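Remarks on the overall topology
Read off the chains here:
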Amino acid sequence: MSDILKTEAELEAIYGRPLEAATVKEVNWITPHYRAYIEASPYAALATSGPEGLDCSPRGDRPGFVRVHDEKTLMLPDRRGNNRIDSLRNIVRDPRVALLFMIPGVGNTLRVNGRAHLSVAPDLLASFAVEERAPRSVTVIEVDAIYFQCARALVRSELWNPARHVDPKSLPSAGQILAALSGERVGGETYDREWPGRAAATMW
């Protein structure tokens, strides 16, 4: 066998078969236990696929921001952002999506794979309004697979350990990155100074 793994058989020769606990947890509908995780989560990563490749985008809001419509359907409002709409462009061309839900302080995460479409139905948009501001679209996801992921990754990373939090000042700021990449045309100290107020005014 070469140093590069190319087949499932080669993988299984190294890793073996998963235990039953790793497979029985996967179902194609939203169980009451999984619903509890979704409704407690204020953050999810949304993965999509398009002609240009893959994309993974953060999504965050108040806990339960992803609505459980029924045992097969999730609804995700598209809150205000930078208008790149990479995820939405992908969905209208390829409906396959994945979500990774995280809950602060909880080790287990929740994974969802499914197919999505975008809705701009007025009543649906209005039902997601916050501070009288409705999203411009809602991603409606039909669940194909849902299961929890054990806590090893979060335990290893100590993600929720405040003692391990990184001082933001130790990393380049958004303004510094923009200034460096644009030849000082955008970004800089002004961008960093004004961003908190601009974000607060355009949160929803």
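Look up: the structure comes first, before these words.
Small disclaimer: the values here were computed from a predicted structure and weren't measured.

Rules and cut-offs
- Per-chain numbering applies: the sequence of each chain, read as written, is numbered from 1 onward.
- Side-chain atom pairs in this predicted model are given and counted only at pLDDT of 80 or more, local residue features only at pLDDT of at least 70, and totals for whole chains, interfaces and linings cover all residues.
- The basis for every side-chain value is the complete set of heavy atoms in the structure, and neither hydrogens nor water enter the calculation.
- We treat two strands as partners when DSSP finds at least two bridges between them.
- Counting from the N terminus, the helices are the DSSP runs of H or I reaching at least four residues and the strands are the DSSP runs of E reaching at least two.
- As a rule, the C-alpha atoms of each element are fitted with a line to give its axis, helices using only the stretch in contact, and angles between N-to-C directions run from 0 to 180 degrees.
- Throughout, a contact is declared for two residues whenever any of their heavy atoms are within 4.5 Å.
- By the criterion applied in these results, polar contacts are pairs of N or O atoms within 3.5 Å in which, for protein atoms, one can donate a hydrogen and the other can accept it, and in which residues neighboring in sequence qualify only through two side-chain atoms.
- Burial classification: accessible surface area is computed with a 1.4 Å probe over protein chains only, and a residue below 20% of its type maximum counts as buried, one above 50% as exposed, and the rest as partly exposed.
- Salt bridge, as applied in this entry: a Lys or Arg side-chain nitrogen positioned within 4 Å of an Asp or Glu carboxyl oxygen.
- It is the rotation of the near helix from the far one that decides the hand of a crossing: anticlockwise by less than a right angle makes it left-handed, clockwise makes it right-handed.
- Ten residue types, Ala, Val, Leu, Ile, Met, Phe, Trp, Tyr, Cys and Pro, are classed as nonpolar, four, Asp, Glu, Lys and Arg, as charged, and the remainder, Gly among them, as polar.
- The way it works is a 1 Å grid over only the protein atoms, where trapped points that fit a 1.4 Å probe form a cavity and open points with protein on both sides within 12 Å along at least five of seven lines form a pocket, and then any residue with an atom within 4 Å of a point lines it.
- Grid points are joined across faces, edges and corners, and a volume is the space filled by probe spheres set on the points.

**Regarding the sheet that holds strand S4 (residues 73–77)**
Taken in spatial order, the seven strands line up as S2-S1-S5-S6-S7-S4-S3 in an open sheet, and their pairing is antiparallel. Taken across any chain shown, the strands that pair with only one partner, and hence form the sheet edges, are strand S2 (53–60) and strand S3 (67–70). Across this sheet, the average inter-strand angle for adjacent strands is 35 degrees, counted without regard to direction. Relative to the sheet, helix H3 (residues 32–40) contacts S3, S4, strand S5 (96–102), strand S6 (109–119) and strand S7 (138–149), its axis offset from that of S7 by approximately 120 degrees.

**Comments concerning the environment of Glu39**
Counting through the fold element by element, Glu39 comes out in helix H3. When the C-alpha atoms of Glu39 and Arg80 are compared, they prove to be 21 Å apart, with 41 residues separating the residues in sequence. Looking at Glu39, its side chain comes within polar contact range of the side chain of Arg35, at 2.7 Å.

**Quick look at the side chain of Thr73**
For Thr73, the location among the structural elements is in strand S4. Overall, Thr73 belongs to the buried group, its relative accessible area being 14%. Polar side-chain contacts of Thr73 include one of 2.9 Å to the side chain of Asp70. When sequence neighbours within four positions are dropped, the list of residues in contact with Thr73 reads Ile30, Arg67, Val68, Val140 and Ile141.

**Some remarks on unusual backbone geometry**
With a phi close to 65 degrees, Asn83 is a non-glycine residue in the positive phi region. Looking at the element boundaries, Asn83 is found in the loop between S4 and helix H4 (86–93).

**Thoughts on the pattern of salt bridges**
Going through the model one piece at a time under the given rule, you end up with eleven salt bridges. Between Arg79 and Asp61 there is a salt bridge, and its shortest N-O distance comes to 2.8 Å. With a gap of 18 residues between them, Arg79 in the loop between S4 and H4 and Asp61 in the loop between S2 and S3 connect regions that are remote in the sequence. For the pair Arg79 and Asp61, a shared accessibility class is recorded, and that class is buried. One salt bridge in this structure joins Arg198 and Glu194, with 4.0 Å as the shortest N-O distance. Of the two residues, Arg198 and Glu194 are both situated in helix H8 (residues 188–201); the distance of four residues between them amounts to about one turn of the helix. On the basis of relative accessible area, Glu194 is assigned to the partly exposed category, the value being 44%. Among the charged side chains, a network of salt bridges with common partners joins Arg115, Glu142 and Asp144.

**Focus: the packing of helix H7 (residues 174–182) against H8**
Viewed as axis vectors pointing N to C, H7 and H8 meet at an angle of 145 degrees, and their least axial separation amounts to 7 Å. Considering how the two elements wind past one another, H7 and H8 form a crossing that is right-handed. Between H7, through Ala174, Gly175, Gln176, Leu178 and Ala179, and H8, the contact on the second element is made entirely by Gly188, Tyr191 and Asp192. Counted by class, the contact of H7 with H8 contains four nonpolar, three polar and one charged residues.

**Brief notes about the layout of surface pockets**
In this structure, the largest pocket encloses a volume near 910 Å³. Lining of the largest pocket is provided by 29 residues; of these, Arg79, Arg80, Gly81, Asn82 and Asn83 occupy positions nearest its centre. Elements supplying a minimum of two residues to the lining of the largest pocket: S2, S4, H4 and H8. Tallying contributions element by element places S2 first for the lining of the largest pocket, with six residues. Classifying every residue of the lining of the largest pocket gives twelve nonpolar, seven polar and ten charged.

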